[in-house]
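# Breakdown of the fold
Chain residues, written in single-letter form:
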Amino acid sequence: MTAPAPTRPAPDADGLEHAELLRSAAREVRKRVVPLADRIVDRIRERHPAYREPGLVPPGFREEAGGAVAAVLDALADPAHTMVSAEYQSWVGERRAWQDFPLRSMIGAYRTGGDELWLSLVRAGEGRGPRGTQLMARAAAEVWDLFERDSRLMADAHGRARTEATHHRQRGRRALEALLAGRVGPHDVAETARALDLPETGRFAVAVVRNTSRRPRPGPARSGTPAGVRVRRAFPPAGEMLLAELGELPVGAFASALGVPDGARAGLSPQVARLADAGHARDLAELALRTCTRDGEVALLDRRWPAALLARRPEVAAEVASGVLGGLHAVDPGERTVLLETLETWLDSDGSVERAAAALFCHPNTLRRRLRRLERLTGRSPSRPHDVVHLALALDAERIAPAAGGTPR
């Protein structure tokens, strides 16, 4: 005798009702997805520090947040779209791995977004009165199951992609170090360009950052990288090297954006037109660095050629400083400091006594007396162009001579 086929239990009326209410609420909230996504982004930035730092927040974060919210709402409104949500969240997880963004911050942000989205769904259900509130409470398990599944998919995709991304970054790091060291031959440039995801020709510059404090110091803030500029970084001991594809940005504007902190100095090369010339640009950036005289300074070689020539021959720099400014050693150290500051400010003011006096908070006649005093001690007159060249070179030499061998003083 054949046993009767098992009968399926009748659908639970409350279950059908709360499921339909959830889908209706999701469709209603979906119509306002843009302001909801903006609110979620603001809440994430309030709660998670990684999303507040301009240099850390993933590119396109606001747009991707809107896409994630829309994907979840579509999945809740129609179960047929569940896989679309799964694929989107997996894509976000993989993208974050390639952006080197921490998994913990990403998952925390997703859960914060889930809190906000759930509150919006509850408010939509409350429009049905007490019965709607009761049914939405029953729908919570379905919503949070979806959130939990999506966060797990993001984490899995992040983990899988991170291994490949790490390998890629290591390959790029080795390629960058070889390029900046001048070890890339003509036949290897194309492969190096692919490893760095940079073109073989364009507008490139190299910056060399060196720490001067014994305490570890950060290099240039990543938030200082202007839009349209791509930067590749290498981290030698006690510093950082940056290869920048400048796009349309002038080299001087990139120098202003570097943001070198106290306890570090930087030298920036002129632009070069070929990726293969990055090693030469690195040498020029090192030379520019040797002209720095204070922490937090970015020396642009295009504006430091005389000082750079002296930096190449520190023994000549010492001779120039002594030969032109040696008479200042006969005066009180305090007066010597004032006279050198006066000379520097006057040169920076393009020879304008009035502008230099204003910068030094003194009367123009006071500044003129100092310049005459400087002339008597050095035998060089600020009124003769040839002598001004000597004074400017000697001032550069005075500043960089103590850094013989390239060690910042």
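Residue indices begin from 1 for each chain and proceed along its sequence in written order. Side-chain atom pairs in this predicted model are given and counted only at pLDDT of 80 or more, local residue features only at pLDDT of at least 70, and totals for whole chains, interfaces and linings cover all residues. Think of the side-chain values as coming from all heavy atoms in the structure, minus any hydrogens and water.

## Observations concerning the layout of surface pockets
This is how it is decided: Here a cavity denotes a set of grid points, spaced 1 Å apart and computed over the protein atoms alone, in which a 1.4 Å probe fits but from which it cannot get out, and a pocket denotes an open set meeting protein on both sides within 12 Å along at least five of seven lines; residues with an atom within 4 Å of a point are reported as lining. Grid points are joined across faces, edges and corners, and a volume is the space filled by probe spheres set on the points. Secondary structure elements are defined from DSSP: runs of H or I of at least 4 residues count as helices, runs of E of at least 2 residues count as strands, and each element is numbered from the N terminus.
Roughly 480 Å³ of volume is contained in the second largest pocket. As for the second largest pocket, its lining consists of 17 residues, of which Arg304, Glu344, Asp348, Leu395 and Asp396 are closest to the centre. The set of elements that each furnish at least two residues to the lining of the second largest pocket consists of helix H10 (305–312), helix H12 (333–348) and helix H15 (385–400). A total of 5 residues in the lining of the second largest pocket trace back to one element, the largest contributor, which is H15.

## Focus: the pattern of salt bridges
Cut-off, in case you're wondering: In what follows, salt bridge is the name for a side-chain nitrogen of Lys or Arg lying within 4 Å of a carboxyl oxygen of Asp or Glu. Buried residues are those whose accessible area, probed at 1.4 Å on protein chains only, stays under 20% of the maximum for their type, while exposed residues exceed 50% and partly exposed ones sit between those limits.
Counted under the stated rule, the structure contains 23 salt bridges. Ionic pairing is found between Glu116 and Arg39, a salt bridge with its closest N-O pair at 3.7 Å. Within this pair, whereas Glu116 is found in helix H5 (residues 103–125), its partner Arg39 is found in helix H2 (residues 33–47), the two being separated by 77 residues in sequence. Overall, Glu116 belongs to the buried group, its relative accessible area being 6%. Given a relative accessible area of 35%, Arg39 falls into the partly exposed group. Here Arg233 ties to Glu240 by a salt bridge, and the two come within 2.7 Å at their closest N and O atoms. Each member of the pair, Arg233 as well as Glu240, carries the same accessibility label: buried. Via salt bridges that share partners, Arg39, Arg43, Glu46 and Glu116 belong to a single interconnected network.

## Quick look at the packing of H10 against H15
Put simply, the rule reads: Axis lines are fitted to C-alpha atoms, over the contacting stretch for helices. Their N-to-C directions set the angle, which ranges from 0 to 180 degrees. Orientation categories follow fixed angle ranges, with anything under 35 degrees roughly parallel, anything over 145 roughly antiparallel, 65 to 115 roughly perpendicular, and all other angles oblique. The hand of a helix crossing depends on one turn: near helix anticlockwise from the far one by less than a right angle means left-handed, and clockwise means right-handed. Any two residues whose heavy atoms approach within 4.5 Å at even a single point are treated as in contact. Residues are sorted three ways: Asp, Glu, Lys and Arg are charged, Ala, Val, Leu, Ile, Met, Phe, Trp, Tyr, Cys and Pro are nonpolar, and all the rest, Gly among them, are polar.
Packing of H10 against H15 brings their axes to within 9 Å, and their N-to-C directions diverge by 50°. Accordingly, the angle class assigned to the pair H10 and H15 is oblique. For the pair H10 and H15, the crossing hand works out as right-handed. Facing H10, whose interface residues are Pro306, Ala307, Leu310 and Ala311, H15 presents Leu393, Asp396, Ala397 and Ile400. Partitioning the contact of H10 with H15 into residue classes produces 7 nonpolar, no polar and 1 charged.

## So, the nonpolar core
Heads up, the rule is: Here the nonpolar core consists of buried residues drawn from Ala, Val, Leu, Ile, Met, Phe, Trp, Tyr and Cys, with membership extended through side-chain atoms lying within 4.5 Å.
Counting residues in each nonpolar core, the largest one holds 41 residues, and the members touching the most others are Tyr51, Leu73, Leu76, Leu117 and Leu121. Secondary structure elements with two or more residues in this core: helix H1 (13–30), H2, helix H3 (61–77), H5 and helix H6 (130–180). Discounting residues that sit within four places of it in the chain, Leu73 has contacts with Ala26, Val29, Arg30, Val33, Leu36, Leu117 and Leu121. Core analysis: the next-biggest nonpolar cluster, separate from the first, contains 36 residues, Ala193, Leu198, Leu243 and Ala397 among them.

## Focus: empty space enclosed by the protein
Per the stated rule, a full pass over the model turns up 2 cavities of 30 Å³ or more. Its boundaries defined by the atoms lining it, the largest cavity holds a volume of some 260 Å³. Along the wall of the largest cavity there are 20 residues; nearest its centre are Ile44, Ala65, Ala68, Ala109 and Tyr110. Where the lining of the largest cavity is concerned, the elements lending two or more residues are H2, H3, helix H4 (82–98), H5 and H6. Classifying every residue of the lining of the largest cavity gives 15 nonpolar, 3 polar and 2 charged.

## A few points about the packing of aromatic side chains
Put simply, the rule reads: The rule is short: rings of Phe, Tyr and Trp, with Trp giving its six-membered ring, pair when the centres are within 6.5 Å, and they are stacked under 30 degrees, edge-to-face over 60, tilted in between.
For the structure shown, the criterion picks out 4 aromatic pairs. Residues Trp144 and Phe147 carry aromatic rings whose centres are separated by 4.8 Å and whose planes lie at 85° to one another, so their mutual orientation is edge-to-face. With a gap of 3 residues between them, Trp144 and Phe147 both fall in helix H6, about one helical turn apart.

## What about the pairing of strand E1 (residues 201–211)?
Put simply, the rule is: Should DSSP find at least two bridges between two strands, the strands are regarded as paired.
Pairing of E1 with strand E5 (residues 272–274) involves 2 bridges; the strand directions are antiparallel. Within E5, the position partnered with Phe204 by the bridge is Val272. Two elements, E1 and strand E4 (residues 264–268), share 5 bridges in a ladder whose sense is antiparallel. Across the sheet, Val208 pairs through a bridge with Gly267, a residue of E4.

## Some words on the side chain of Ser349
Heads up, the rule is: Two N or O atoms form a polar contact when they lie within 3.5 Å of each other; inside protein one atom must be a possible hydrogen donor and the other a possible acceptor, and for residues adjacent in sequence the pair counts only when both atoms belong to side chains.
Inspection of the secondary structure puts Ser349 in the loop between H12 and helix H13 (353–360). For Ser349, a relative accessible area of 7% corresponds to the buried category. A polar contact is formed between the side chain of Ser349 and the backbone oxygen of Thr345, at a distance of 2.8 Å. If we ignore the near neighbours within four places in the chain, the residues touching Ser349 are Arg355 and Ala356.

## Topic: unusual backbone geometry
Trans is the prevailing form of peptide bonds, just as negative phi is the prevailing case for residues other than glycine. One non-glycine residue with positive phi stands out, namely Asp197, at about 55°. Examined against the element boundaries, Asp197 turns out to sit in the loop between helix H7 (189–196) and E1. The backbone of Phe361 shows a phi angle near 55°, a positive value even though the residue is not glycine. Within the fold, Phe361 resides in the loop between H13 and helix H14 (364–378).

## Quick look at H12
The condition that has to hold: A helix is expected to span 1.5 Å multiplied by its residue count minus one.
Counted at 1.5 Å a residue, the expected span for H12 with its 16 residues is 22 Å, and the 23 Å between its end C-alpha atoms agrees. Close packing links the buried residues of H12 with helix H11 (314–325), H13, H14 and H15. Capping the start of H12, Asp332 holds a side-chain oxygen 2.8 Å from the backbone nitrogen of Gly334, two or three residues further along. Once H12 ends, the next one or two residues include Asp350, with phi positive near 55°.

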